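Residues per chain, in single letters:
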Amino acid sequence: MDESQSAQKAKVLGYLDTATWWSLVAMVVAIPLAETPKTICFISALSFWIAKMAVAGDFRIAIPRLGWFLLAWLGATFLSTFNSECGFTGVRDVLTYVPFFLLIVNVVDSERRMMQLFWAVVIGMGIGDVAGLWKTVSDAMRMHTEMGRLQILSLGAAAPYLVMVLSLMMGMAYHVRWGRKEWCLIGLVALFSMAALILTYTRSMWIVMLLVVIIFVALQKSWWPAIAAAVLIAGLGVGLATSSVIQGRTHDLTNLHRDASLVERYEIWGASLRMVQDYPVLGVGAKCFMAHSERYGVPNGQRQAHNQWVNVAAENGLVGLVCFLAWMVYYASFLFRLRRFLSNKLSRTLWLSAIGSVVVVMAHGIVDASFGAELALLFLLIAGCLIRAQDLGTSQQAGGASGIARV
């Protein structure tokens, strides 16, 4: 190949790399905002990435160990569809976030790109917060009623997503230096996100948010994250003084055995376990819970088991539950072991955020099955960036040796 052809090939590879990257950034911004733009950007990023590999003639893909656990979970999801009455509906969700994770660990090659993804998360969340708060407040004013439960555009589970974003921002704030404008933007989005979290009326996530703050304070031996807890408590205090909904939701916490939401969950869990008994190996099928809800007497035709582990067992069977637990346990143990070997400031920052994201999934999983779709994307964005940050730091220390196996 002569020099002109080599230069042309390098130019095409540069264009494809840029197109892949900005498609990925646009997708991250769109995660909480709209399903269609998110899907279009994801398909674009994946297509440009594959085209780049084709032009380069190099189809090797970096797969960290966590990626193999994810692929096993994807395989279990495929298997569960063989018993399913719902087709491949459930596979589509996993087929989005597993390749997304692989995109992150293969395309993110610098701290600059990690920070661009972080700002994409913040901007997307800020737009979503404003849209959700505006709709909630304007609807209440128009109908002359109390504010209803806040929803954020395309987010199916707004509260855990909000807490995960807040944990990401708190983690980044430890080690990243920003100017006044950046701090103002972070503070504003954090304030909007806290207000939105309160108005989701999701009591479990209020508690999880406080738990994340306590963990951050304990790990960093610093009290400044308690500002987030103070804002949340102050907001709930205002809610207790002005909102009968928050008063009722808070009062029910003092009398849990009569709490209607918890009583209903007991019934849902019982019905879900009956599904597991009838379909123990592969479950009723991924995303097929609702199709079986009437047959098993699930109250109010609920779409999920309101417990992450029971929901996986019901939909994906014991095979799926083992695969799902295996990758979650591996990731938790990976984070525990990684603390002693964090190679740079950014990896320490992302490690804290990853701890927060695991707490969100584990704690919220007790009362809801929200892992999937948008929440899974954000979870794996944090995980992928942490792996790449650690790998980049290790490579710099080792003179360029990579910590991720290529296949």
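Participant: Would you take a moment to explain the overall build of the chain for this structure?
Facilitator: Per the secondary structure count, the chain includes 15 helices and zero strands. Relative to the 2.2 N^0.38 estimate, which gives 22 Å for 407 residues, the radius of gyration of the chain is 22 Å and therefore close to what a compact globule would have. Oriented by its inertia axes, the alpha-carbon framework of the chain measures out at about 75 × 55 × 45 Å. For the chain, the proportion of its 407 residues judged to be buried stands at 53%. Relative to all contacts within the chain whose residues are 6 or more apart in sequence, the contacts with residues 24 or more apart total 77%. Of the roughly 18,600 Å² that the chain leaves accessible, carbon and sulfur atoms contribute 65%.

Participant: Hey, could you run me through the state of the cysteines in this one?
Facilitator: Each disulfide consists of a covalent bond between the sulfur atoms of two cysteine residues. As enumerated under the stated definition, the model contains zero disulfides in all. The structure places no disulfide on Cys323, whose sulfur is separated from the nearest cysteine sulfur, that of Cys288, by 19 Å.

Participant: Honestly, helix 4 (residues 89–107) in this entry has me stumped. Any pointers?
Facilitator: Because each turn of an α-helix spans 3.6 residues, side chains separated by three or four positions in sequence point in the same direction. If you check helix 4, its first and last C-alpha atoms are 28 Å apart, about what 19 residues at 1.5 Å a residue would give, namely 27 Å. Summarising burial for helix 4: 15 of the 19 residues are buried, a large majority.

Participant: Can you help me understand the packing of helix 3 (residues 65–80) against helix 4 in this one?
Facilitator: The relative placement of two packed helices comes down to the angle between their axes together with the axis-to-axis distance. At a closest axis distance of 10 Å, the pairing of helix 3 and helix 4 adopts a crossing angle of 165°. Our classification of the angle between helix 3 and helix 4 gives roughly antiparallel. Helix 3 and helix 4 meet at a crossing whose hand is left-handed. Where helix 3 abuts helix 4, its residues Leu66, Gly67, Leu70, Leu71, Trp73, Leu74, Thr77 and Phe78 lie against Gly90, Val91, Val94, Leu95, Tyr97, Val98 and Phe101. Along the lines of polarity and charge, the residues of the contact of helix 3 with helix 4 split into 12 nonpolar, three polar and no charged.

Participant: I would appreciate a short explanation of the pattern of salt bridges in the present structure.
Facilitator: Once their charged atoms are close, side chains differing in charge can pair, the charge on each being opposite to the other. All chains considered together, the criterion is met by 10 salt bridges. Of the charged contacts, one joins Arg113 and Asp109 as a salt bridge, the two residues approaching to 3.8 Å between their closest N and O atoms. The exposure class of Arg113 is buried, given its relative accessible area of 7%. Here the residues in one salt-bridge network are Asp17, Lys52, Asp109 and Arg113, joined through shared partners.

Participant: When you look at empty space enclosed by the protein in this model, what are you seeing that I'm missing?
Facilitator: Empty pockets left among the atoms are what a rolling probe the size of a water molecule brings to light. Counted according to the given criterion, the structure contains two cavities of 30 Å³ or more. Within this model, the largest cavity holds a volume of roughly 90 Å³. Taken together, Met114, Met115, Leu117, Phe118, Leu168, Met172, Leu346, Leu350, Leu381, Ile382 and Cys385 form the lining of the largest cavity. Among the secondary structure elements, those contributing two or more residues to the lining of the largest cavity are helix 5 (111–143), helix 6 (158–175), helix 14 (345–364) and helix 15 (373–397). At four residues, the largest contribution of residues to the lining of the largest cavity is made by helix 5. Split into classes, the residues belonging to the lining of the largest cavity amount to 11 nonpolar, no polar and no charged. Forming the boundary of the second largest cavity are Gln308, Val360, Val361, His364, Gly365, Asp368, Ser370, Phe371 and Leu375. When residues in the lining of the second largest cavity are grouped by element, the largest group, three residues, is from helix 14. For the lining of the second largest cavity, the per-class residue count stands at four nonpolar, four polar and one charged.

Participant: Could you clarify how one ought to interpret the environment of Trp178 in this entry?
Facilitator: When you line up the elements, Trp178 lands in the loop between helix 6 and helix 7 (180–199). Apart from the residues lying within four places of it in its own chain, the contact partners of Trp178 are Met115, Phe118, Trp119, Met172, Ala173, Trp183 and Ile186.

Participant: Help me out: how do you make sense of a nonpolar patch on the surface in this one?
Facilitator: A cluster of nonpolar side chains, contributed by Leu79, Phe82, Val281 and Val319, occupies part of the molecular surface with about 360 Å² of accessible area. Considering the arrangement of structural elements, one finds Leu79 in helix 3. Residue class for Leu79 comes out partly exposed when judged on its relative accessible area of 36%.

Participant: Please explain the environment of Asn300 as it appears in this structure.
Facilitator: By secondary structure assignment, the location of Asn300 is in the loop between helix 12 (289–293) and helix 13 (308–338). Under the relative-accessibility criterion, Asn300 is labelled exposed at 66%. When the C-alpha atoms of Asn300 and Ile268 are compared, they prove to be 9.5 Å apart, with 32 residues separating the residues in sequence.

Participant: What is the right way to read the packing of aromatic side chains from this model?
Facilitator: The relation between two aromatic rings is expressed through the spacing of the ring centres and the mutual angle of the planes. Under the definition given, this model contains 17 aromatic pairs. Measuring from ring centre to ring centre gives 4.8 Å for Phe69 and Tyr330, while their planes differ by 10°; the resulting arrangement is stacked. Here Tyr330 lies in helix 13 and Phe69 lies in helix 3, a separation of 261 residues in the sequence. Owing to a relative accessible area of 26%, Phe69 belongs among the partly exposed residues under this scheme. Look at Tyr330 and you get buried, because its relative accessible area is 13%. Their ring planes at 80° and their centres at 5.9 Å tell us that Phe324 and Trp327 sit as a pair that is edge-to-face. In this pair, Phe324 and Trp327 both sit in helix 13, three residues apart, roughly one turn of the helix. Just as Phe324 is buried, Trp327 falls in that class too.

What counts as what
- Residues numbered from 1 in each chain as written.
- Predicted model: local features only at pLDDT ≥ 70, side-chain atom pairs only at ≥ 80, totals over all residues.
- Heavy atoms only, no water.
- Helix = DSSP H or I, 4+ residues; strand = E, 2+ residues; numbered from the N terminus.
- Rg over C-alpha atoms; globule rule 2.2 N^0.38 Å.
- Buried < 20%, exposed > 50% of the residue type's maximum accessible area, 1.4 Å probe, protein only.
- Contact = heavy atoms within 4.5 Å.
- Areas by Shrake-Rupley, 256 points an atom, 1.4 Å probe, with all protein chains shown as cover.
- Disulfide = S-S within 2.5 Å.
- Expected span 1.5 Å × (residues − 1).
- Axes fitted to C-alpha atoms, helices over the stretch in contact; angles between N-to-C directions.
- Parallel < 35°, antiparallel > 145°, perpendicular 65-115°, else oblique.
- Left-handed = near helix turned anticlockwise from the far one by under 90°.
- Nonpolar A, V, L, I, M, F, W, Y, C, P; charged D, E, K, R; others polar.
- Salt bridge = Lys/Arg side-chain N within 4 Å of Asp/Glu carboxyl O.
- 1 Å grid on protein atoms, 1.4 Å probe; cavity = no way out; pocket = protein on both sides within 12 Å on 5 of 7 lines; lining within 4 Å.
- Points joined across faces, edges and corners; volume = space filled by probe spheres on them.
- Patch = residues over 30% accessible without salt bridge, like charges linked within 9 Å, V, L, I, M, F, W, Y side chains within 5 Å.
- Phe/Tyr/Trp six-rings, centres within 6.5 Å; stacked < 30°, edge-to-face > 60°.

Taken by themselves, the reported measurements are silent on function.
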